[in-house]
Every structure is written in C-alpha cells, then in structure tokens.
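Structural characterization, general
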Amino acid sequence: MAVIADGRFGEELRRLRLLAGLSLRQLAPLVLSSRGHLHDLETGRRRPAVDLAARLDDVLDTDGVLSGMLHPSPAPRDPERLSYVAEHPRRVDPATLHTLAELLAAHRRLEDTLGSTPLLPTMRTQLDLVTTLVAEATSELRPKVVDLAAQWAQFGGWLYAASDRPRLASRWYGTALEWGTEAGNPDMVATVLSMRGHIAWSERRSHPMIGLSAAAARQPASPGIRAIAIQQQARGQALLGEADFVTALLDQAAELMEAARQAPDREPPWIYFHSAAYLTMQRGLAYRLLGWNAQAIEYLRLGLSGLPPEAAGAAWTGPYLLRLAAALVDTGDASEALSIYERVRSIGQATHTVSLVDQAEGAVRAMSAGR
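Predicted model, so just to flag it, every value in this text is computed and none were measured.

1. As for the overall build of the protein
When helices and strands are counted, the protein shows 19 helices and 0 strands. In summary, the protein has a C-alpha radius of gyration of 22 Å against a globular reference of 21 Å for 371 residues, a match within 12%. The principal-axis extents of the C-alpha atoms in the protein amount to approximately 65 × 65 × 35 Å. Residue pairs in contact within the protein that sit at least 24 positions apart in sequence constitute 63% of those at least 6 positions apart. Carbon and sulfur atoms provide 52% of the accessible area of the protein, an area that totals close to 17,000 Å². Side chains of the protein carry 38 positive and 41 negative charges; the gap between the two charge centres is 4 Å.

2. Regarding the nonpolar core
In this structure, Val 145, Trp 152, Trp 179, Trp 316, Tyr 320 and Tyr 341 are the most contacted members of the largest nonpolar core, which totals 97 residues. For this core, the element with the highest residue contribution is helix H9 (residues 142–162), accounting for 10 residues. Once residues lying within four places of it in the same chain are set aside, the contact partners of Trp 152 are Leu 100, Leu 103, Leu 104, His 107, Met 123, Gln 126, Leu 127 and Val 130. Core analysis: the next-biggest nonpolar cluster, separate from the first, contains 14 residues, Leu 41, Leu 52, Ala 53 and Leu 60 among them.

3. A word on a negative patch on the surface
A cluster of acidic residues, Asp 58, Asp 61, Asp 358 and Glu 361, forms a negative patch on the protein surface. Mapped onto the elements, Glu 361 comes out in helix H19 (residues 354–370).

4. Topic: the pattern of salt bridges
For the coordinates displayed, the defined rule picks out 12 salt bridges. When the shortest N-O distance is used, the salt bridge between Asp 40 and Arg 46 registers 3.0 Å. Arg 205 serves as the salt-bridge partner of Glu 203, at 2.8 Å between the closest nitrogen and oxygen. Note on Glu 203: relative accessible area 40%, which makes it partly exposed.

5. Let's talk about the side chain of Thr 351
Inspection of the secondary structure assignment puts Thr 351 in the loop between helix H18 (334–350) and H19. Residue classification places Thr 351 among the buried positions, given a relative accessible area of 0%. Within the structure, Thr 351 has its side chain in polar contact with the side chain of Thr 353 (distance 2.8 Å).

6. Describing helix H12 (residues 206–218)
Taking 1.5 Å of rise per residue, the 13 residues of H12 would be expected to cover 18 Å, and the 18 Å separating its terminal C-alpha atoms lies within 8% of that figure. Among the residues making up H12, those that are buried are Ser 206, Met 209, Ile 210, Ser 213, Ala 214, Ala 215, Ala 216 and Ala 217. On its buried face, H12 is in contact with helix H11 (186–202) and helix H13 (223–239).

7. What about the confidence of the model for the protein?
When pLDDT is averaged across the protein, the result is 89; 95% of the residues are at 70 or more. Element-level pLDDT for the protein is lowest in helix H5 (residues 65–70), with a mean of 74, against a maximum mean of 97 in H12. Predicted confidence for residues 1–5 stays below pLDDT 50, and this span has 13 contacts to residues more than four positions away or in other chains.

8. Regarding the packing of aromatic side chains
Enumeration over the complete set of coordinates arrives at 4 aromatic pairs. Ring geometry for Tyr 287 versus Tyr 299: centroids 5.5 Å apart, planes at 75°, classification edge-to-face. Of this pair, Tyr 287 sits in helix H15 (residues 276–290) while Tyr 299 sits in helix H16 (residues 293–305), and the two are 12 residues apart along the sequence. The partly exposed category is assigned to Tyr 299, whose relative accessible area is 25%. Judged by centre distance (6.5 Å) and plane angle (90°), the rings of Trp 316 and Tyr 320 are edge-to-face.

9. Let's talk about the environment of Leu 41
In this structure, Leu 41 sits in helix H3 (residues 35–42). For Leu 41, a relative accessible area of 2% puts it in the buried group. It is 42 Å that separates the C-alpha atoms of Leu 41 and Leu 177, two residues lying 136 residues apart in sequence. Each residue touching Leu 41, except ones within four places of it in the same chain, is listed here: Gly 10, Leu 13, Arg 46, Arg 47, Pro 48, Leu 52 and Leu 56.

10. A word on unusual backbone geometry
Despite not being glycine, Leu 32 shows a phi value in the positive range, around 60°. Considering the arrangement of structural elements, one finds Leu 32 in the loop between helix H2 (24–30) and H3. For Leu 32, a relative accessible area of 66% gives the class exposed.

11. Looking at the packing of H12 against H13
When two helices pack together, their arrangement is given by the angle between their axes and by how far apart the axes lie. In the contact formed by H12 and H13, the axes pass within 8 Å of each other and the chain directions differ by 155°. Taken together, H12 and H13 sit at an angle that is classed as roughly antiparallel. As for how H12 packs across H13, the hand of that crossing is left-handed. Taking contact as the criterion, the partners of Ser 206, Met 209, Ile 210, Ser 213, Ala 214, Ala 216 and Ala 217 in H12 are, on H13, Arg 226, Ala 229, Ile 230, Gln 232, Gln 233, Arg 235, Gly 236, Gln 237 and Leu 239.

Conventions used here
- Residues numbered from 1 in each chain as written.
- Predicted model: local features only at pLDDT ≥ 70, side-chain atom pairs only at ≥ 80, totals over all residues.
- Heavy atoms only, no water.
- Helix = DSSP H or I, 4+ residues; strand = E, 2+ residues; numbered from the N terminus.
- Rg over C-alpha atoms; globule rule 2.2 N^0.38 Å.
- Contact = heavy atoms within 4.5 Å.
- Areas by Shrake-Rupley, 256 points an atom, 1.4 Å probe, with all protein chains shown as cover.
- Lys, Arg positive; Asp, Glu negative; His and termini not counted.
- Charge placed at Lys NZ, Arg CZ, Asp CG, Glu CD.
- Core = buried A, V, L, I, M, F, W, Y, C linked by side-chain atoms within 4.5 Å.
- Buried < 20%, exposed > 50% of the residue type's maximum accessible area, 1.4 Å probe, protein only.
- Patch = residues over 30% accessible without salt bridge, like charges linked within 9 Å, V, L, I, M, F, W, Y side chains within 5 Å.
- Salt bridge = Lys/Arg side-chain N within 4 Å of Asp/Glu carboxyl O.
- Polar contact = N/O pair within 3.5 Å; in protein donor to acceptor, adjacent residues only side chain to side chain.
- Expected span 1.5 Å × (residues − 1).
- pLDDT = per-residue confidence, 0-100.
- Phe/Tyr/Trp six-rings, centres within 6.5 Å; stacked < 30°, edge-to-face > 60°.
- Axes fitted to C-alpha atoms, helices over the stretch in contact; angles between N-to-C directions.
- Parallel < 35°, antiparallel > 145°, perpendicular 65-115°, else oblique.
- Left-handed = near helix turned anticlockwise from the far one by under 90°.

Here you go:
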C-alpha cells in the first residue's frame, strides 16, 4: 500500500503513544480502532480521520496536537515579521500589532468551523509570544501591546473553556482581566467578567454566574457587551426559577442589542457573533430553564434559523440545539428531536467537540430506554 498521508502525523502519534507508555494493542480499544489501523497511521499508510484524531488527542491527553495537524491554523501575512519580533520583543512595531490582530481575527472565524481543540497547539505559541511582548514592552506602544495581548488571552481562555479545561480557561481569563485593566479597556474587563460567569454557568453555579454577569453589566462597556452580560444574568435567574427577573432582564438586553445595532462601530471585534438571532436564542434558552417549553421551542427555532450560514455549524450552537431537542421530547415530538440530536452529533464530530457528541448520543440512548 502506498504512503498517502503526511508522515509527520504518524511520527507524532508514535511519539505520543510511547510517551504515554501504551502499545498499539493497548491503545486500539481505547480509541475504538484496531491495532492494524493504528500501525498504518504511524507508518503513513493511511490518512487519519478527523474523529479518530480527536479520540487519540483525548486518550493521549495532547491538548489537540494531532487534530491540529489535520487543520493548520491560518498563516499570518508576514510570518518573518512575527519571527523577528519573537526574537527581539522590544522591537515590536505597529505593523507587527496589525499582523497579530489580523491573525487573531482569522483564528476566531476558524474556530467557528473547526471548533476549539484543533486551534490549541497554535494558540499556545501565540500566547507565549504575546506574554513575552507584554513583559518586554516599555515604549509608547505598550498600551496597544497590552490591549491586543488581552484579546489573545481572552480568546485563549474561551478555547480552553470550550475544550472542557476550566482551570486553564480561568488562568487566561485572569490574565486577560489584568491586561485589559492595564490597557484601560472596559469592553475587555466586562467581557472577561462575563466569560467567568459563563464558566460558572457550565458548572451550574447560579449565584456566581449572576454576580459576575451583573458585575460585567455595570462596566462602562459597549451596549453589545452589556447585552451579553445581562442575558447571561437572566439565565442565572432562570436557574433559580425567578421568572419576573428573567423577563425584565431579557427585555433590557434587547434594548441594549438595538443600541448596539444602531452603532456597530462602537462594538469590539470579538463579539462579531452577537446578533438579534443570538439574543433570540438566549431567550429561548432561558424559557427552557423555566420549563416554558412551548415558548422555548418557538424562540430557539427562530434564533437558530436566523443565524448566518457560516455560524450554523459552529460548535457554540450545539447547546441551543440540545435544549431545543429536549423541549421537543418533553412536548412529545420525538421524531424532530432525534433529527436534531443527529445534527448535534455531526457538529460535534466536525468540530472535535467530544462533549457535544457524548450529550447527543446519551440523549438518544435515554429516549430509547424510555420507550
């Protein structure tokens, strides 16, 4: 059989496997594969499949190294400049900052398609670079260096949170908060407080979620940033069953969203995903938490249908689809729910988001058991 895959993947797989102290025979059942197939991967005789690479990353605890080799991150327009600045951080200039800003924007868009895990290897390299730049920046460019570095740290925190690594997420959110505060950027400060609230949400800690979201909303940030914080606060109140608070907060978030729509230049680049459709989905999610299934289905459907095509398959849409399917199950529409669970599973596989695959498959098993 001819060698048809990049040998670097096989070499790295073998290195990581040996580092973990596993034989091919031991590794195979852990990743739902065969010894022969893994041998072919290591020798370059087969191309690695996306879902198998994700399972290998998970079992070998690689932080997405193998998946990242299948999906290289976008290349900067001026890689020589970044290489030079990495070796001479005190010579950072506006052109370098512009290159880093463009690269960050490209990473954000790529994450929508690929998910968080494949980007982590490159993200670690970029976080090392911006950390060095902040440590060495002493010129008049320091405020801009620190401000951009805060954006990288915030995105790194999000990638780690989305990859179910809350400790690393908290670490980088803390760094983003420090740098955003130094840079005097209230949008970043509010965003980090809100994202820390999101970690509390994922852990179902309603009171920290509400407090952090409210703290974010109190910042002199843009209307869009405050809208995100307030709708998240509404979800926290929904966890407590406080329906009146939920409705009032969602209405307030809608007013801020309209203000953001009228002044888009005021909004920071990292909330490009925020839209009327996104806020509609949030309302549906809050209603689901309150047990208002009919309203939840209406608003979740409406919001999901209003997303732009490039966002329809993003990993962050998965939780909303799961809530929609669960509401449909509770109202007796098992057929549509099964179709949505399959869609979530496909999104999870395409974006290497193992938690989405697990949740979708678990829900289907629960439905089958309940019949």
